[in-house]
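Spelled out, the chains give:
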Amino acid sequence: MTGPQGEPVFLRLGPPPEEPNQFLVDGAPQSYPPEVVARLEVDAKEIIGRYPNQRSALLPLLHLVQGEDSYLTPAGLQFCADQLGLTGAEVSAVASFYTMYRRGPTGEYLVGVCTNTLCAVMGGDAIFDSLKEHLGIGNDETTSDGAITLQHIECNAACDYAPVVMVNWEFFDNQTTESARALVESLRSGEPLAPTRGAPLCKFRETSRVLAGLRDERPDEGQGGAGAATLAGLRVAQQNDMQAPTPPAAEGQ
């Protein structure tokens, strides 16, 4: 475009590369050594083989490399691009869209406190502030021992168990400031408490590999399924013989 006198005007598009929302972290690997590439390629081949269009495997591949480094690094992004025949820009555009992909080194346990409306009013804000004080870290920061990264997170779709804390995406329901502190202490001690529901905890890198679609070796301890709070509405409907209305017939049928 040109200015009022016809002189050229150059517009810089996008944020400068040094801004924190870019995948630039001091010490992050820029490329993987051949032995790491060879090892990751075995898993990548299994993942890519599940998709008719190989570029559809990008999201699980991003989890795979996050499991390697605990966050997305230039090396991981380049690996994904090489496996799928994509450009670095295409991979970064997808990776930067989703908050489940980490931008910096992550502790062994990612502790997320829901601070959306219902969890917040039920005590989520107080839990988050209590954990910040207890651990001596702020939002999205990691303890000095590398055990815990703390962050506030958006709705976990578990409002019936508010306030909810998640550790590596496993649920810890109906938390209080006291129970949340006990939870993080169990993580630091190496003897983590069992989630309210779901599989036993594993480390963050292992969780990322599970999310990539690789085999989950954790035992099924019967913690899955809907709980009493989730089924309360169904129970009331059954007790009162309530039925869903019959939908009107579609036109033309």
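All values reported here derive from a predicted model rather than from experimental measurement. (Residues numbered from 1 in each chain as written. Predicted model: local features only at pLDDT ≥ 70, side-chain atom pairs only at ≥ 80, totals over all residues. Heavy atoms only, no water.)

The five strands are arranged β2-β3-β1-β4-β5 in an open sheet whose pairing can be described as mixed. The outermost strands of the open sheet, each flanked by one partner alone, are β2 (141-142) and β5 (170-172). Direction of pairing for strand β1 (residues 109-114) relative to strand β3 (residues 148-153): parallel, over a ladder of six bridges. Bridging across to β3, Cys 114 finds its partner in Ile 153. On the sheet, helix α5 (residues 117-135) packs against β1, β3 and β4 (165-167) and is oriented at approximately 140 degrees with respect to β1. (Pairing = 2+ DSSP bridges. Helix = DSSP H or I, 4+ residues; strand = E, 2+ residues; numbered from the N terminus. Contact = heavy atoms within 4.5 Å. Axes fitted to C-alpha atoms, helices over the stretch in contact; angles between N-to-C directions.)

A few words on helix α3 (residues 74-84). Among the eleven residues of α3, nine are classified as buried, and the element is accordingly described as predominantly covered. Every buried residue belonging to α3 is among Pro 74, Ala 75, Gly 76, Leu 77, Phe 79, Cys 80, Ala 81, Gln 83 and Leu 84, and all of these are buried. (Buried < 20%, exposed > 50% of the residue type's maximum accessible area, 1.4 Å probe, protein only.)

Time to look at the layout of surface pockets. The computed volume of the largest pocket comes to approximately 430 Å³. Lining the largest pocket are 15 residues, with Thr 99, Met 100, Gln 151, His 152 and Ile 153 sitting closest to its centre. Ranked by residues supplied to the lining of the largest pocket, first place goes to β3 with three residues. Split into classes, the residues belonging to the lining of the largest pocket amount to six nonpolar, five polar and four charged. Formed jointly, the lining of the largest pocket draws a minimum of three residues from each of two domains, domain 1 (17-105 + 203-218) and domain 2 (109-202). (1 Å grid on protein atoms, 1.4 Å probe; cavity = no way out; pocket = protein on both sides within 12 Å on 5 of 7 lines; lining within 4 Å. Points joined across faces, edges and corners; volume = space filled by probe spheres on them. Nonpolar A, V, L, I, M, F, W, Y, C, P; charged D, E, K, R; others polar. Domains from an automatic or database assignment.)

This part takes up the confidence of the model for the protein chain. Per-residue pLDDT for the protein chain averages 89, and the proportion of residues at 70 or more is 90%. Within the protein chain, helix α2 (residues 58-69) carries the highest mean pLDDT (98), whereas helix α8 (residues 232-239) carries the lowest (89). (pLDDT = per-residue confidence, 0-100.)

Where burial is concerned, most of β3 is hidden: five out of the six residues are buried. Pairing of β2 with β3, which is carried by two bridges, proceeds in the antiparallel orientation. Bridging across to β3, Thr 142 finds its partner in Thr 149. Connecting β2 to the antiparallel partner β3 that follows it, the hairpin turn spans five residues, and Gly 146 within it adopts a positive phi of roughly 75 degrees.

Mapped onto this numbering, the UniProt entry gives "binding site: [2Fe-2S] cluster" (unreviewed entry) at Cys 114, Cys 119, Cys 155 and Cys 159. Spanning 46 residues, the named residues nonetheless gather at one spot, since no C-alpha pair among them exceeds 9.5 Å. Lining residues of the largest pocket drawn from the annotated set just named are Cys 155. Take Cys 119: it is sitting in helix α5. Given the relative accessible area of 4%, Cys 119 is considered buried. Filtering out sequence-adjacent residues up to four positions away, Cys 119 remains in contact with Cys 114, Gly 124, Ala 162, Pro 163 and Val 164. For Cys 159, the location among the structural elements is in the loop between β3 and β4. (UniProt positions renumbered as here; feature names shortened; annotations may be inferred.)

Leu 61, Leu 62, Leu 64, Leu 72 and Val 91 are the most contacted members of the largest nonpolar core, which has 26 residues in total. The biggest single contributor to this core is α3, with six residues. If sequence neighbours within four positions are ignored, Leu 72 has contacts with Phe 23, Leu 62, Val 65, Gln 66, Leu 77, Ala 95, Tyr 101 and Arg 102. (Core = buried A, V, L, I, M, F, W, Y, C linked by side-chain atoms within 4.5 Å.)

Bringing the packing of aromatic side chains into the picture now. If you walk through the whole model with that rule in mind, you get three aromatic pairs. Measuring from centroid to centroid gives 5.0 Å for Phe 97 and Tyr 98, while their planes differ by 85 degrees, and the two rings are edge-to-face. On the basis of relative accessible area, Phe 97 is assigned to the exposed category, the value being 63%. Judged by its relative accessible area of 32%, Tyr 98 falls in the partly exposed class. Consider the rings of Tyr 98 and Tyr 101, whose centres lie 6.3 Å apart with planes at 85 degrees: the pair is edge-to-face. Taken together, the ring pairs in this structure connect Phe 97, Tyr 98 and Tyr 101 into an aromatic cluster. Looking at Arg 197, its charged tip hangs above the ring of Phe 171, at a distance of 4.0 Å from the centre. (Phe/Tyr/Trp six-rings, centres within 6.5 Å; stacked < 30°, edge-to-face > 60°. Lys NZ or Arg CZ within 6 Å of the ring centre and 35° of its normal.)

Among the structural elements, Gln 151 can be located in strand β3. The buried category is assigned to Gln 151, whose relative accessible area is 12%. The residues contacting Gln 151, other than those within four sequence positions of it, are Arg 102, Leu 110, Val 111, Gly 112, Val 113, Phe 128, Asn 139, Asp 140 and Trp 169.

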